Structure formats: structure tokens, C-alpha cells
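Given next are the chains, with one letter for each unit.
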Amino acid sequence: MNSNNDFLLIGLPQSGKSTFIAALWHVVESGELPSSFKISSLPEERSYLNTIREAWLKCKSLERNKVDQISTINLQIEDTQNKLNGSVTFPDVSGEMYRMQFETRKLSSGYYQLLKRSNGILLFINPNDVKKPILISEWNSVIPAGEENMEQRYKPWEFSDVPTQVMLVDLLQIAAAVIDIPCKIGIV
């Protein structure tokens, strides 16, 4: 474990970012499950972590993060197998912020700074919420035939028409353009 690891959790709304943080906090803090990691010192402010953990333990949906709010979590973790200590930092960013970033093509200064500090990315994908692309070979079955359906044939394009993979690749390309150091990516 490096001494400092700043991981960015990237994912669209309801992809599991906050749920992951809640589960990780429970595992490393409670000691309930044998793992290779444990908390070496408790964070001063942990009310947010405890709140999302309590909801997670009760199998309740976690409260949605506000678009303009970033909860930065910093954990001092010990790798119990190698006896190495390190700091792991990751922001809990709203999935709606990522969707807005894609639509508006703008980054907030706070998010830009998070990208600059990051040396790892966890990309979250909800397999139950994937907008699939339409292949060119499938267009004939999607587009209605005949002149009477011209309005349906050429409906105005909307951001909701964009396949999930396009949005995620775009978010990763933006991150790659800003992050200065080599960065590993994990998919969750």
C-alpha cells in the first residue's frame, strides 16, 4: 500500500458509490469480517460514514447526495498482511454531478482539484441501469417505416438517448486529460 492513495469514485446516479463507501467503512471499522485491512486511526469526523453505514446495514436506500456537495472521506488504513499503513481518500460525489458534467461539458473547480490529486479511479456501473446502444444494423427495426411516421422517425435528440458506455468513456477521458500521474482504474 502506498502511503497516500486518492481514489476517485466515478459513476452515474445509483451506481453504488455511496453504498461501496458504507460497506467499506463497516468492514474496516467494525472488525466483524476478517479482512486484510483495518482502520489504524479513526477519522475525526465520521458522522457521515456512520449515517450511510446504518442505512446500509438496514438495507435501506441511501440518501441521495446533493449535486453541489462533495463529502471527502479520508481513512487511515493498515494492511494487516504486510503491516503497511496508508491514507486512502475518496470523495463521495453525486452521480447527478457526473451526468451534468457530461451534458454541460463543464467541470467544477472542486472536482477539477479532486482529479488533479487522484492516483486511482474506481468506475461504478449499475448493470440494472444500462442504456444500450443501437447498432446501425438494428436501425431498420427501430425506425418506423413509411411517410406517415416522419415525426416519430426524426424525434429530437435528447441526452437520455446517449448509451451508458458513451457517458462512462467520456467521464474517463476527462479524468485522463486532467490527472498528471499514471492512474489505475478498477471497475465495480
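Each chain has its residues counted from 1, following the order in which its sequence is written. Residue-level local features of this predicted model are given only where pLDDT is at least 70; pairs of side-chain atoms are given and counted only at 80 or more, and the full residue set underlies all totals for whole chains, interfaces and linings. Each side-chain value is worked out from all heavy atoms of the structure, with water and hydrogens disregarded.

## A few points about the side chain of Gln-101
Starting at the N terminus, helices and strands are each numbered in turn, a helix being any DSSP run of H or I of at least four residues and a strand any DSSP run of E of at least two. Checked against the element boundaries, Gln-101 lands in helix 3 (residues 95-104). Discounting chain neighbours no more than four positions away, the residues touching Gln-101 are Lys-106, Leu-107, Tyr-111, Leu-171 and Ile-174. We call two residues in contact when some of their heavy atoms are within 4.5 Å.

## A short note on the environment of Ala-177
Following the sequence through the fold, Ala-177 ends up in helix 7 (residues 164-178). For Ala-177, a relative accessible area of 68% puts it in the exposed group. Distance in space between the C-alpha atoms of Ala-177 and Lys-116 is 9.8 Å, their sequence separation being 61 residues. Each residue gets one of three labels from its accessible area relative to the maximum for its type: buried under 20%, exposed over 50%, partly exposed in between, using a 1.4 Å probe on protein chains only.

## Structural notes on the packing of helix 1 (residues 17-30) against helix 2 (residues 47-57)
Think of each axis as a best-fit line through the C-alpha atoms, taken over the contacting stretch in the case of a helix, with angles from 0 to 180 degrees between the N-to-C directions. Relative orientation of the contacting elements helix 1 and helix 2 amounts to 100 degrees, with a least axis distance of 8 Å. In this view, helix 1 runs roughly perpendicular relative to helix 2, as classed from their interaxial angle. Along its contact with helix 1, which presents Ser-18, Thr-19, Ile-21, Ala-22, Ala-23, Trp-25, His-26, Glu-29 and Ser-30, the element helix 2 presents Tyr-48, Leu-49, Asn-50, Ile-52, Arg-53, Trp-56 and Leu-57. Under the scheme applied, nonpolar residues are Ala, Val, Leu, Ile, Met, Phe, Trp, Tyr, Cys and Pro; charged residues are Asp, Glu, Lys and Arg; polar residues are all the others, including Gly. Its residues placed into classes, the contact of helix 1 with helix 2 shows nine nonpolar, five polar and two charged. By definition in this entry, angles of less than 35 degrees are roughly parallel, angles greater than 145 are roughly antiparallel, angles of 65 to 115 are roughly perpendicular, and the rest are oblique.

## Regarding unusual backbone geometry
Within the chain, Cys-59 stands out as a residue other than glycine whose phi angle is a positive 60 degrees. Checked against the element boundaries, Cys-59 lands in the loop between helix 2 and strand 3 (70-79). Here the phi dihedral of Arg-105 falls at roughly 65 degrees; this positive angle occurs in a residue that is not glycine. Its place among the elements puts Arg-105 in the loop between helix 3 and helix 4 (109-117).

## Here's the deal with the side chain of Ser-15
Residue position: Ser-15 is located in the loop between strand 1 (4-11) and helix 1. Residue classification places Ser-15 among the buried positions, given a relative accessible area of 11%. Among the polar contacts listed, one links the side chain of Ser-15 to the side chain of Lys-17, at a separation of 3.4 Å. Not counting residues within four places of it along the chain, the set of residues in contact with Ser-15 comprises Phe-124, Ile-125 and Asn-126. Polar contact is defined as a pair of N or O atoms within 3.5 Å, subject to the rule that within protein one atom must be able to donate a hydrogen and the other to accept it, and that residues adjacent in sequence are counted only when both atoms are side-chain atoms.

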